[in-house]
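Read off the chains here:
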Protein chains: 2
Amino acid sequence: MANIREIAKRAGVSVSTVSRVLNGYPYVKEEKRKAVWDVVHELNYKKNINAVHLSKGKTNIIGVMLPTINHPYFSMIVEGIAEEALRYGYHLLFFQTNYDIHKELEALEMLRVKQIDGLIICSHTISLETLELYISDGPIVLCEDIQEPHIFSVYIDHYQAFMLGMDYLIKKGHSKIGYCLGRPTSINSQKRKAAYKDALQNIHASIHANWMFHHCLHMGDGKRIVSTILSLAEKPTALLVTSDQVAAGIVLWGKTYGLRVPNDLAIVSFDNHPISEALHITTIELPLSLMGKKAFQMIYDYFANNYTQPKKEKLPVRLIERASV
Amino acid sequence: MANIREIAKRAGVSVSTVSRVLNGYPYVKEEKRKAVWDVVHELNYKKNINAVHLSKGKTNIIGVMLPTINHPYFSMIVEGIAEEALRYGYHLLFFQTNYDIHKELEALEMLRVKQIDGLIICSHTISLETLELYISDGPIVLCEDIQEPHIFSVYIDHYQAFMLGMDYLIKKGHSKIGYCLGRPTSINSQKRKAAYKDALQNIHASIHANWMFHHCLHMGDGKRIVSTILSLAEKPTALLVTSDQVAAGIVLWGKTYGLRVPNDLAIVSFDNHPISEALHITTIELPLSLMGKKAFQMIYDYFANNYTQPKKEKLPVRLIERASV
DNA sequence: ATGAAAGCGCTAACAT
DNA sequence: ATGTTAGCGCTTTCAT
């Protein structure tokens, strides 16, 4: 494998001249420049990028931490990240953690060992205190509304978004409202629960523990939700569902088991994935791809503008009325 | 940032002893080993992984080339790859190409510049001839049935799978059968078309160009297919659809526009994603996650067994009868 | 404008 | 068992 020394020797110049030519440094005499390129092409030479990484102390690789890539919620974020990364010549290294703390730590360690320049965390179980141990190793972006001053954050205001859904359902005459959330302990879920409680309190409605479903992530979870609701003596008349996938599952399994949407149960869901359109589900659109883009941008700007202070950015949502309420 | 020399100095040993301790090399006196670990912990030292990469000429990173991560077909493959990669301490670098040849080439170049040890290609537009230019740069795995002796291949026999679907539809009394494919030029599509033609020929049925839909990838494509079929004077009675997403779109948009499945149109689709179960769609299950695992395994074995000859492996499919036929 | 040479931080061959 | 040292292939400073 040819290296820069070989090129230098054959072109009759020094390695530094080769390096300058290769990196587009201006002050090189035209004939030397040509000589170098000629040899480079002749040998089909390519830089060893690891040597560049070592020498520069930078890899142009951004890490992406997520529980699983195989879920529309995350793959939409990633799509956004990937699009921006490509534009700026960055690469993406994936850490599929399945919410395993050890795997999450491994991703953070990659920051410390310089395998990645920065890390975008789409979702996590690890504590913020632990995260903070790594802030000096490189920029970290969290897709959550957090206050820690040293961590970047691009987020959806889930309190407001949930409130939007609640208000809509209430305006449509519902007061027996339940919800379906993902992981109940996540920061996003906490915000949603707060909105839920506040909204019910505003209309003096009581809270029913068995109208609150947790760990709802996939279409298949709709089956469980539908059969549980059917077995309930006192049923909710509406559900706020934090994922189009789950909402679709409820609509479809409801059809199978005899729970009609919206007649028996109104639904407002979140995401606005294609499936919600196909099923005519009223949904609150989350700008996930945009979130990915912004997350990358934050890291990019951090390096481009000499390590600026971490930013926080809130993204807008909108309700799309369809036929599930 | 502390380096190995610093550790050596503080622990009162040589750099090679530090290296040996760090890498679990056996012949080190217990007290020196302890001295090293003590300093390592004290300084919270971590190896600079780029230096390791440069020194070893290997990165333990595998590239994954795909058009988009945001599609269940690909995210399932990736999930399989990621699972195996993690088990063996490998990392994944993603190349979202959107079928852009330049981006595909960029992924291949990463192989040449040693940024990645190997490359898994989930789908591509680039020609096999071009691919072959890179086989000396590292192992390449293709998720297609190809013959090139220097490229690894793990694949689904799409001829056989398509034939399975055709036979099933024919056995159920259909002869007016159409299909929905993704990119018509892909190797996988070629195999499917061949099976389609052969199957129709077997029953002396004629081929209708307007029963053959191409570029069907997403749920939204179902809309187009449904309205086209509704406008046809002579309609197919059955459709073989190469994606559950598209099949779901057909079922759902069919419901909206008045094309009933299976009454007006029978459907056999592919993948067996959760949505096909929720919609009771008869589907041919493709072992996509397994395909990802096998793809990674091939690369892993290649390095573990000193650069063995490229293998080819065919994966089984099975038809799951539900209610769309 | 160009070259010499000193790193970057680690691995591994070689010597003892 | 342990240390010395020569790489790995590039970037970058410092001379000239």
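Keep in mind that what you see is a predicted model, and the values were worked out from it rather than measured. (Residues numbered from 1 in each chain as written. Chains lettered and ligands numbered in written order. Predicted model: local features only at pLDDT ≥ 70, side-chain atom pairs only at ≥ 80, totals over all residues. Heavy atoms only, no water.)

All names here are of chain B. Taken in spatial order, the 6 strands line up as 7-6-8-9-10-12 in an open sheet, and their pairing is mixed. Bordering the open sheet on either side are strand 7 (212-213) and strand 12 (318-320), each of which pairs with just one other strand. The sheet contact formed by strand 10 (residues 282-285) and strand 12 spans 3 bridges and is antiparallel. Residue pairing across strands places Thr283 opposite Ile320, the latter belonging to strand 12. (Pairing = 2+ DSSP bridges. Helix = DSSP H or I, 4+ residues; strand = E, 2+ residues; numbered from the N terminus.)

We now examine the relation of the copies chain B and chain A. When chain B is fitted to chain A, the best match, at an RMSD of 0.1 Å, comes from turning it 180° and sliding it 0.0 Å along the axis. Taken together, these values place the two copies in the relation of a two-fold axis. Taking C-alpha positions as reference, the residue of chain B nearest the rotation axis is Leu93 of chain B, located at 2.4 Å. Interface residue correspondence from chain B to chain A reaches 100%, placing this contact among same-surface, isologous pairings. (Least-squares fit on C-alpha atoms with pLDDT ≥ 70 in both. Contact = heavy atoms within 4.5 Å.)

What follows covers the domain arrangement of chain A. Parsing chain A into structural domains produces domain 1 (4-47), domain 2 (57-157 + 288-316) and domain 3 (158-285). Centre-to-centre separation of domain 1 of chain A and domain 3 of chain A, based on C-alpha positions: 63 Å. (Domains from an automatic or database assignment.)

Moving on, we get to the protein's contact with DNA strand D. Surrounding DNA strand D, one finds 26 residues, the nearest of these being Ile4, Tyr45 and Ser55 of chain A together with Arg20 and Lys29 of chain B. Sugar and phosphate atoms form 58% of the subset of DNA strand D atoms that lie within 4 Å of the protein. Within the contact set of DNA strand D, a phosphate oxygen lies 3.0 Å away from a side-chain nitrogen or oxygen of Lys47 of chain A. Between DNA strand D and the protein, one listed contact pairs a phosphate oxygen with a side-chain N or O atom of Lys32 of chain B at 3.2 Å. Those elements that place two or more of their residues in the surface near DNA strand D are helix 1 (4-11), helix 2 (15-22) and helix 4 (49-56) of chain A together with helix 2 (15-22) and helix 4 (49-56) of chain B. Of the residues that constitute the surface near DNA strand D, the class distribution is 9 nonpolar, 10 polar and 7 charged. (Near = heavy atom within 4 Å. Polar contact = N/O pair within 3.5 Å; in protein donor to acceptor, adjacent residues only side chain to side chain. Nonpolar A, V, L, I, M, F, W, Y, C, P; charged D, E, K, R; others polar.)

The subject of this paragraph is the side chain of His174 of chain A. Along the chain, the position of His174 of chain A falls in the loop between helix 8 (158-171) and strand 6 (177-180). A relative accessible area of 16% places His174 of chain A in the buried class. (Buried < 20%, exposed > 50% of the residue type's maximum accessible area, 1.4 Å probe, protein only.)

This part is about the interface of chain B and chain A. How big an interface is tends to be stated in terms of accessible area lost as the parts join. Taken together, the contacts link 49 residues of chain B with 49 residues of chain A. Overall, the association of chain B and chain A removes approximately 4,400 Å² of surface from exposure, summing both partners, and the carbon and sulfur fraction of that is 63%. At the surface where chain B touches chain A, the tally comes to 4 salt bridges. Residue Lys223 of chain B is joined to Glu277 of chain A by a salt bridge in which the shortest nitrogen-to-oxygen separation is 3.5 Å. At the surface where chain B touches chain A, the tally comes to 22 residue pairs in polar contact (both at pLDDT 80 or more). (Buried area = accessible area lost by both parts, 1.4 Å probe. Salt bridge = Lys/Arg side-chain N within 4 Å of Asp/Glu carboxyl O.)

With that settled, consider the sheet that holds strand 3 (residues 118-121) of chain A. Sheets are built from strands that pair by backbone hydrogen bonding, the pairs being arranged parallel or antiparallel. Reading across the sheet, the 12 strands line up as 11(A)-5(A)-4(A)-3(A)-1(A)-2(A)-2(B)-1(B)-3(B)-4(B)-5(B)-11(B) and stay open at both edges, with mixed pairing between neighbours. Since the sheet does not close on itself, it has two edges, and those belong to strand 11 (312-315) of chain A together with strand 11 (312-315) of chain B, each with one partner. Here the average twist between neighbouring strands, direction ignored, is 20°. Across 6 bridges, the pairing between strand 1 (residues 61-66) of chain B and strand 2 (residues 91-96) of chain B is parallel. Considered in strand 2 of chain B, the bridge of Met65 of chain B is made with Phe95 of chain B. (Axes fitted to C-alpha atoms, helices over the stretch in contact; angles between N-to-C directions.)

Next up on the list: the protein's contact with DNA strand C. With respect to spatial proximity, 26 residues lie near DNA strand C, and among them Thr17, Arg20 and Lys29 of chain A together with Ile4 and Tyr45 of chain B are the closest. In DNA strand C, atoms within 4 Å of the protein come 62% from sugar and phosphate. Residue Ser16 of chain A places a side-chain N or O atom 3.1 Å away from a base nitrogen belonging to DNA strand C. At a separation of 2.5 Å, a phosphate oxygen of DNA strand C approaches a polar side-chain atom of Thr17 of chain A.

Residues and elements named next belong to chain B. Helix 9 (residues 187-202) packs onto helix 8 (residues 158-171) with a crossing angle of 35° between their chain directions and a minimal axis gap of 8 Å. Once helix 8 is placed against helix 9, the crossing between them reads as right-handed. When helix 8 is examined against helix 9, the residues His158, Tyr159, Phe162, Met163, Met166 and Ile170 are found in contact with a partner set consisting of Asn188, Lys191, Arg192, Ala194, Ala195, Tyr196, Asp198, Ala199 and Leu200. Here the residues of the contact of helix 8 with helix 9 are counted per class, giving 10 nonpolar, 2 polar and 3 charged. (Left-handed = near helix turned anticlockwise from the far one by under 90°.)

What follows concerns the pairing of strand 10 (residues 282-285) of chain A. As judged from the 4 bridges shared by strand 9 (residues 266-271) of chain A and strand 10 of chain A, these two strands associate in the parallel manner. Residue pairing for strand 10 of chain A: Ser269 of chain A is matched across the bridge by Thr283 of chain A.

Moving on to helix 13 (residues 288-304) of chain B. Taking 1.5 Å of rise per residue, the 17 residues of helix 13 of chain B would be expected to cover 24 Å, and the 24 Å separating its terminal C-alpha atoms lies within 8% of that figure. Of the residues flanking the end of helix 13 of chain B, it is Asn306 of chain B, one or two places downstream, whose phi is positive at about 50°. (Expected span 1.5 Å × (residues − 1).)

Below, the discussion takes up the nonpolar core. Among the nonpolar cores identified, the biggest contains 105 residues, and Ile120, Phe162 and Met291 of chain A together with Ile120, Phe162 and Met291 of chain B are the most heavily contacted of them. What Ile120 of chain B contacts, discounting residues up to four positions off in sequence, is Ile62, Gly63, Val64, Met65, Ile81, Val141, Cys143, Ala295, Phe296 and Ile299 of chain B. (Core = buried A, V, L, I, M, F, W, Y, C linked by side-chain atoms within 4.5 Å.)

Moving on, we get to unusual backbone geometry. For the peptide bond that leads from Val261 of chain A to Pro262 of chain A, omega is 5°, which places it in the cis range. In this model, Asn98 of chain B sits at a positive phi of 55°, which is unusual for a non-glycine residue. Structurally, Asn98 of chain B can be placed in the loop between strand 2 and helix 6 (101-112). We note that His280 of chain B has phi near 60°; this positive angle belongs to a residue other than glycine.

The subject of this paragraph is the pattern of salt bridges. Pairing between side chains of opposite charge can happen when their charged atoms approach one another. One pass over the full model with this rule turns up 36 salt bridges over all chains. We note a salt bridge from Asp38 of chain B to Lys34 of chain B, for which the minimum N-O separation is 2.7 Å. Of this pair, Asp38 of chain B and Lys34 of chain B both sit in helix 3 (residues 30-43), 4 residues apart, roughly one helical turn. With a relative accessible area of 39%, Asp38 of chain B lands in the partly exposed category. Among the charged side chains, a network of salt bridges with common partners joins Glu6, Arg10 and Glu42 of chain A.

Attention now moves to the environment of Ser269 of chain B. All names here are of chain B. Along the chain, Ser269 falls in strand 9 (residues 266-271). For the pair formed by Ser269 and Ser324, sequence separation is 55 residues and the distance between their alpha carbons is 9.2 Å. Ignoring any residue separated from it by four or fewer positions in sequence, one finds Ser269 in contact with Val241, Ser243, Asp244, Ala247, Ile281, Thr282, Thr283 and Ile284. Looking at Ser269, its side chain comes within polar contact range of the side chain of Asp244, at 2.4 Å.

Turning to helix 9 of chain B, a few remarks are in order. Residue and element names in this part refer to chain B. The first and last C-alpha atoms of helix 9 sit 23 Å apart over 16 residues, in line with the 22 Å expected at 1.5 Å per residue. All buried positions along helix 9 are accounted for by Asn188, Ser189, Arg192, Lys193, Ala195, Tyr196, Ala199 and Leu200. Across the axial projection of helix 9, the buried residues extend over an arc of 160°, all falling on one side. Residues of helix 9 that are exposed and point over 90 degrees away from its buried face: Gln201 and Asn202. Along its buried surface, helix 9 packs onto helix 5 (72-87), helix 8, strand 6 (177-180) and strand 7. Following helix 9 by one or two positions, His204 adopts a phi angle in the positive range, close to 55°. (Arc of directions from axis to C-beta.)

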